[in-house]
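One letter stands for each residue in the lines below.
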Amino acid sequence: MSSAPSTPPSVDKVDGFSRKSVRKARQKRSQSSSQFRSQGKPIELTPLPLLKDVPSSEQPELFLKKLQQCCVIFDFMDTLSDLKMKEYKRSTLNELVDYITISRGCLTEQTYPEVVRMVSCNIFRTLPPSDSNEFDPEEDEPTLEASWPHLQLVYEFFIRFLESQEFQPSIAKKYIDQKFVLQLLELFDSEDPRERDYLKTVLHRIYGKFLGLRAFIRKQINNIFLRFVYETEHFNGVAELLEILGSIINGFALPLKAEHKQFLVKVLIPLHTVRSLSLFHAQLAYCIVQFLEKDPSLTEPVIRGLMKFWPKTCSQKEVMFLGELEEILDVIEPSQFVKIQEPLFKQIAKCVSSPHFQVAERALYYWNNEYIMSLIEENSNVILPIMFSSLYRISKEHWNPAIVALVYNVLKAFMEMNSTMFDELTATYKSDRQRIWLY
Amino acid sequence: MAGAAGPGTGPGAARGDGDDSLYPIAVLIDELRNEDVQLRLNSIKKLSTIALALGVERTRTELLPFLTDTIYDEDEVLLALAEQLGNFTGLVGGPDFAHCLLPPLESLATVEETVVRDKAVESLRQISQEHTPVALEAHFVPLVKRLASGDWFTSRTSACGLFSVCYPRASNAVKAEIRQHFRSLCSDDTPMVRRAAASKLGEFAKVLELDSVKSEIVPLFTNLASDEQDSVRLLAVEACVSIAQLLSQDDLEALVMPTLRQAAEDKSWRVRYMVADKFSELQKAVGPKITLNDLIPAFQNLLKDCEAEVRAAAAHKVKELCENLPTEGRETIIMNQILPFIKELVSDTNQHVKSALASVIMGLSTILGKENTIEHLLPLFLAQLKDECPEVRLNIISNLDCVNEVIGIRQLSQSLLPAIVELAEDAKWRVRLAIIEYMPLLAGQLGVEFFDEKLNSLCMAWLVDHVYAIREAATSNLMKLVQKFGTEWAQNTIVPKVLVMANDPNYLHRMTTLFCINALSEACGQEITTKQMLPIVLKMAGDQVANVRFNVAKSLQKIGPILDTDALQEEVKPVLQKLGQDEDMDVKYFAQEAISVLALA
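All values derive from a computational prediction rather than experimental measurement.

Caption draft 1: The arrangement of the overall build of chain B in detail. Within chain B one finds 35 helices and zero strands. For 601 residues, the compact-globule estimate of 2.2 N^0.38 gives 25 Å, and chain B exceeds it by more than 25% at 34 Å. Each principal axis of the C-alpha atoms in chain B carries an extent, and together these give about 90 × 80 × 35 Å. In chain B, buried positions account for 57% of the 601 residues. Of the roughly 25,000 Å² of accessible surface on chain B, a fraction of 50% belongs to carbon and sulfur atoms. Of the charged side chains in chain B, 58 are positive and 82 negative, and the gap between their average positions amounts to 3 Å.

So this is what it looks like as structure tokens:
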């Protein structure tokens, strides 16, 4: 795309629908901080000696100076300006990364505010407008952050700082506070997946080291999700935040606090309703299963929640729901299974008879799952009557031969499971059909 | 969830079975519990019928509690329920019993789904007006307080919309409490609630006493406008419009302007966008003096904002801003303080910005007058007319009339016409299509003489365009031109040229003749149609291409009603009969159809 020549910006834009592609072709899709205004003046930094070239007694002082220098921000949308200084800052950041990794005793108390200041100056910025409202993350290339050459090193440096053996949360908590975390969370909306990946690590470390911020972080993630579900439907970092939550949930103590259960029922379950579910479904399902493994008594509300939000028109989402349900059934306790089997199998019966073969197929695959099969077998007297008419009808009527074959297998399995009931149901079904014929 | 209420608990079960007249109602009520969402939904939509049949007392004592209990349902059903209940006052026995509707609506106002909640709040607002002052304090205000101090954010969000409806009719003590609740919601720790409060701040300010506005609303406004979340700050900008209208100039300057100035330079582009978007409202609200001192400089900054979204929003407001300036000194202000920035925008890097500007810039000519327009604006129009982006060019062309009024057609045509002609021959058919659509408008503005001289040949050229959509548009364009310029003009300029095409070697062009005749015959009237068009159509019935022949049949059907009986019987009928025997199936079909429609059988 970068090689796309700046063709005379002709009129095909009038097509309306080609607008996006034209925009894409013309400008390399990158963006930078919205705050940035090019001042037009070249930026001058006085080169400092390398840290390794000064006696160790002078290193702390020089380290601070270098941190201060790195607070200067460059305009990366202007690819020609300040080339020398951009390179200087890059090499300085590189040096800082090495220094903080290797040196002992470099994290004095005075360095904490300076490190946090440097990181804040660089990473906290207002994200620019999204290139288009109809941005489709599955199809469109993400917009990449223009200042990445510096930003990446800043993130790298910050993570080394947080992971350093000398790092003391008790000092750092003065600077890494709620406001800092809030700004950090807002950055998860960045369109650049590389940045979100670094943010994920950063937030994870902060959650791990700052016990006092944990509840706050969870609450703010809560708010981001609620806003995402009920207000904007737009936030790029949902998958990353869910990934972090997955491991947070894993660490919850038992019994679960009401707050956590509320999060599951009022936030995680409604997340299933979002249009762009496919972008974070794997992470979401993981979180849900984590919860259920912690506390099996949550199975019923979770499954009922999924039934409530079951997709009505989107087959692709239906397949995802079925996948998630199977993950849940994999860990379900038989006592819980009994509680929800009726509504559950009514839904599965509907899916099995879906004209969309992928939906039907996904549902029928349940019968290949040994654990689910054993649950069905134990409760065949309840499940068989729910499933029977759908299965029987599809075996005669479904357009897709693969589905028909699968259904035969399922029917066969049921017949072996409970032949008496199977025969009864077959007889009833046939006489019902005849009655319809008669009228 | 479905059928949460067990059998026998609903109102229908009480007496419905024995009473035949209530049978349909019992059915509806059963449907309220049906497993099928659609049936439940249908039943909810007929809720007023059920209530009417049950009578006010049973509606209050049986139906409403039943509904309150079944509130855990599909959002779709809940939405319908929330809407219905807003109009239920009469069905529960009038204003004295309006409070009976509060419990179900209160539950609905706490659900997660925003649409349901909003609808419940809307219904509550409606019902609040039907409460007597006593009932309002006894029932409605306590509900608002309960919602305002609810655990989950949804109820607090809903509460925000209810303060302004109960405040004006409450007693002083209660008023103080209401204000207190509103204050605490403005600093709620959930951003969703702060957003809801911020969005209702203006509305609430309007019903407050002026003193309270100054002492309470202004500090809330200042806080919300400096909230840590930009989504809250931007809503404060909206509130600013309402608050500014309530205050005197001095108070405004002291209490509101510092915040507004800050919003115009907010670090988040969303907030700046909001300022740009609400600029005209803000301008009217703060009055001319503050506009000159504060808003114009802020506007200049917005016009050169670093985000295109903000610049585009500001560019949209250029005309309104200028219009609303006080007439005295307006010209100087625009020329010195606005125009230089507009000139920059004409060559902006972003097409949306340029297109936004192009949609309003022409409006400046009426404000600035002839000389300024010619000297300063015309070069800008021309630059935009040659812009690489067609949307920009179209926006200019579609507003030509306002410039026309100011500088006259000669001036306009000399400067603008070459650009229009260039667009008319553009390589992209969609551009040509767009220009064609403006032809009737241009024709009206330019006058017949000028049109014939400069544009007529273009219009004719489109008839033989290689894209069907263009030929089609060109055809209907001709019809509109004839409606504008009259039949005589058509007869002299258009019709001969169209008819010549009947002999074109390309059958598509021959068909275009037919399509033109279809479009023009009505506008041209009987005489021209019979004398000039009909012979050509009839002649074409012998065309060797079947498509032309069946289009002849279709054309005859179309122009038949305009012709007199003689022509129909003596000329049209034989030709159609011959076509009715054609070897081609389609020709036969359309010929027979024409015969039956024209009743020539």
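After that view of the structure, there is still more to cover.
Caption draft 2: Spatial organisation of the overall build of chain A. When helices and strands are tallied, chain A shows 20 helices and two strands. Every one of the 439 residues in chain A was classed for burial, and the buried ones make up 53%. Accessible surface, chain A: about 21,000 Å² in total, of which carbon and sulfur atoms supply 53%.

Caption draft 3: Main features of the pattern of salt bridges. Per the counting criterion, the structure on display carries 44 salt bridges over all chains. With a closest N to O distance of 2.8 Å, arginine 362 of chain A and glutamate 326 of chain A form a salt bridge. Highlighted residues: arginine 362 of chain A in helix α16 (residues 357–364) and glutamate 326 of chain A in helix α14 (residues 315–331), separated in sequence by 36 residues. On the accessibility criterion, glutamate 326 of chain A (13% relative accessible area) is buried. The partner of glutamate 62 of chain B in a salt bridge is arginine 58 of chain B, and the shortest N-O contact between them spans 3.1 Å. Here the residue glutamate 62 of chain B and the residue arginine 58 of chain B both occupy positions in helix α4 (residues 47–69), the gap between them amounting to four residues, near one helical turn. Exposure remark for glutamate 62 of chain B: the relative accessible area of 22% places this residue in the partly exposed category. The network of salt bridges with common partners includes Arg125, Glu145 and Glu195 of chain A.

Caption draft 4: Expanded view of the domain arrangement of chain A. Assigned domains within chain A: domain 1 (46–127 + 144–175) and domain 2 (335–438). The straight-line distance from the C-alpha centre of domain 1 of chain A to that of domain 2 of chain A is 63 Å.

Caption draft 5: Spatial organisation of the packing of helix α33 (residues 546–559) of chain B against helix α35 (residues 585–597) of chain B. All names here are of chain B. Contact pair α33 / α35: the axes reach a minimum separation of 8 Å and the direction vectors enclose 10°. Here α35 runs roughly parallel to α33, going by the angle between their axes. Contacts between α33 and α35 involve Ala546, Arg549, Phe550, Ala553, Lys554 and Gln557 from the former and Asp586, Val587, Phe590, Ala591, Glu593, Ala594 and Val597 from the latter. The residue makeup of the contact of α33 with α35, split by class, is eight nonpolar, one polar and four charged.

Caption draft 6: Expanded view of the UniProt feature "domain: Phosphatase 2A Regulatory Subunit A helical" (unreviewed entry) in chain B. In this structure's numbering, the residues bearing the UniProt feature "domain: Phosphatase 2A Regulatory Subunit A helical" (unreviewed entry) are residues 99–282 of chain B. As annotated, residues 99–282 of chain B has a helix share of 78% and a strand share of 0%, and its two end C-alpha atoms lie 39 Å apart.

Caption draft 7: Here's a closer look at helix α15 (residues 334–352) of chain A. Residue and element names in this part refer to chain A. Helix length check: α15 (19 residues) gives 23 Å between terminal C-alpha atoms against 27 Å at 1.5 Å per residue, more than 12% under. In the structure, α15 departs most strongly from a straight axis at glutamine 341, where the bend amounts to approximately 60° and where the proline proline 343 lies between one and four residues downstream. Restricting attention to buried positions, one finds in α15 the residues Gln336, Phe337, Ile340, Gln341, Leu344, Phe345, Gln347, Ile348, Ala349, Cys351 and Val352.

Caption draft 8: A look at helix α15 (residues 249–264) of chain B. Residues and elements named next belong to chain B. The end-to-end C-alpha distance of α15, which contains 16 residues, comes to just 19 Å, noticeably less than the 22 Å that a straight helix rising 1.5 Å per residue would cover. Maximum bend of α15: about 50°, positioned at valine 256, with proline proline 258 one to four residues after it. Tucked inside the fold, the buried residues of α15 contact α13 (210–225), α14 (230–246), α16 (269–277) and α17 (279–303).

Caption draft 9: Expanded view of the environment of serine 48 of chain B. Residue and element names in this part refer to chain B. Here serine 48 is to be found in helix α4. Taking relative accessible area as the criterion, serine 48 reaches 30% and is therefore assigned partly exposed. Serine 48 sits 258 residues away from cysteine 306 along the chain, and the two C-alpha atoms are 55 Å apart. The contacts of serine 48, once residues within four sequence positions are left out, are Gln84, Phe88 and Leu91.

Caption draft 10: Structural context of the packing of α14 of chain A against α15 of chain A. All names here are of chain A. Axis separation between α14 and α15 bottoms out at 13 Å; the angle between their running directions is 150°. Classed by the angle they form, the pair α14 and α15 counts as roughly antiparallel. The interaxial crossing formed by α14 with α15 has left-handed handedness. On α15, the residues that touch Glu318, Leu322, Leu325 and Leu329 of α14 are Phe337, Leu344, Gln347 and Cys351. Along the lines of polarity and charge, the residues of the contact of α14 with α15 split into six nonpolar, one polar and one charged.

Caption draft 11: Spatial organisation of the nonpolar core. Counting residues in each nonpolar core, the largest one holds 362 residues, and the members touching the most others are Ile206, Phe225, Leu268 and Phe414 of chain A together with Leu576 of chain B. Examining the composition of this core, we find that 11 residues originate from one element, α17 of chain B, more than from any other. There are two domains that each give this core at least three residues, and those are domain 1 (46–127 + 144–175) and domain 2 (335–438) of chain A. Those residues in contact with leucine 576 of chain B that lie beyond four places of it in its chain are Ala553, Leu556, Ala591, Ala594, Ile595, Leu598 and Leu600 of chain B. By size, the runner-up hydrophobic cluster in this structure holds seven residues, among which are Ile43, Phe74, Met85 and Ala146 of chain A.

Conventions and cut-offs
- Residues numbered from 1 in each chain as written.
- Chains lettered and ligands numbered in written order.
- Predicted model: local features only at pLDDT ≥ 70, side-chain atom pairs only at ≥ 80, totals over all residues.
- Heavy atoms only, no water.
- Helix = DSSP H or I, 4+ residues; strand = E, 2+ residues; numbered from the N terminus.
- Rg over C-alpha atoms; globule rule 2.2 N^0.38 Å.
- Buried < 20%, exposed > 50% of the residue type's maximum accessible area, 1.4 Å probe, protein only.
- Areas by Shrake-Rupley, 256 points an atom, 1.4 Å probe, with all protein chains shown as cover.
- Lys, Arg positive; Asp, Glu negative; His and termini not counted.
- Charge placed at Lys NZ, Arg CZ, Asp CG, Glu CD.
- Salt bridge = Lys/Arg side-chain N within 4 Å of Asp/Glu carboxyl O.
- Domains from an automatic or database assignment.
- Axes fitted to C-alpha atoms, helices over the stretch in contact; angles between N-to-C directions.
- Parallel < 35°, antiparallel > 145°, perpendicular 65-115°, else oblique.
- Contact = heavy atoms within 4.5 Å.
- Nonpolar A, V, L, I, M, F, W, Y, C, P; charged D, E, K, R; others polar.
- UniProt positions renumbered as here; feature names shortened; annotations may be inferred.
- Expected span 1.5 Å × (residues − 1).
- Bend = angle between axes of the 7 residues up to and from the residue.
- Left-handed = near helix turned anticlockwise from the far one by under 90°.
- Core = buried A, V, L, I, M, F, W, Y, C linked by side-chain atoms within 4.5 Å.

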